[in-house]
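Here's the letter readout for the chains.
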Amino acid sequence: MSHLVLPLDPALRTDLDDLADAQGLAPEEMALLAVREHLRQEGGRVRAVGEGLARQHADLLRRLGE
């Protein structure tokens, strides 16, 4: 497993600690959940934009592939 160091300002760290504590998680677990969720959402958004562009330019992409 790889590790990542994130600099957090004191207020953000307090919020992270409080939310993690309220959910019975370690702050590291809470941060990992947040990263996973963000990647899931952004990955879906980027995929949707890419698919839309592919549909919009399907004819051009087909001609370039010939």
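Given the structure is predicted, the values throughout are model-derived calculations rather than measurements.

Enquirer: I'm lost on a negative patch on the surface in this one. Help?
Expert: The grouping of Asp 9, Asp 15, Asp 18 and Asp 21 at the surface amounts to a negative patch. Residue placement: Asp 18 occurs in helix α1 (residues 10-22). The partly exposed category is assigned to Asp 18, whose relative accessible area is 47%.

Enquirer: In this structure, what is going on with the pattern of salt bridges? I would like to understand it.
Expert: Close approach of charged atoms allows side chains with opposite charge to pair. With the rule as written, the count across this model stands at five salt bridges. The closest approach of N and O atoms between Asp 59 and Arg 62, which form a salt bridge, is 2.5 Å. Of this pair, Asp 59 and Arg 62 both sit in helix α3 (residues 58-65), three residues apart, which is roughly one turn of that helix. The exposure class of Asp 59 is partly exposed, given its relative accessible area of 42%. Several salt bridges share partner residues, and in doing so they unite Asp 59, Arg 62 and Arg 63 into one network.

Reading guide: rules and limits
Residues numbered from 1 in each chain as written. Predicted model: local features only at pLDDT ≥ 70, side-chain atom pairs only at ≥ 80, totals over all residues. Heavy atoms only, no water. Patch = residues over 30% accessible without salt bridge, like charges linked within 9 Å, V, L, I, M, F, W, Y side chains within 5 Å. Areas by Shrake-Rupley, 256 points an atom, 1.4 Å probe, with all protein chains shown as cover. Salt bridge = Lys/Arg side-chain N within 4 Å of Asp/Glu carboxyl O. Lys, Arg positive; Asp, Glu negative; His and termini not counted. Charge placed at Lys NZ, Arg CZ, Asp CG, Glu CD. Helix = DSSP H or I, 4+ residues; strand = E, 2+ residues; numbered from the N terminus. Buried < 20%, exposed > 50% of the residue type's maximum accessible area, 1.4 Å probe, protein only.

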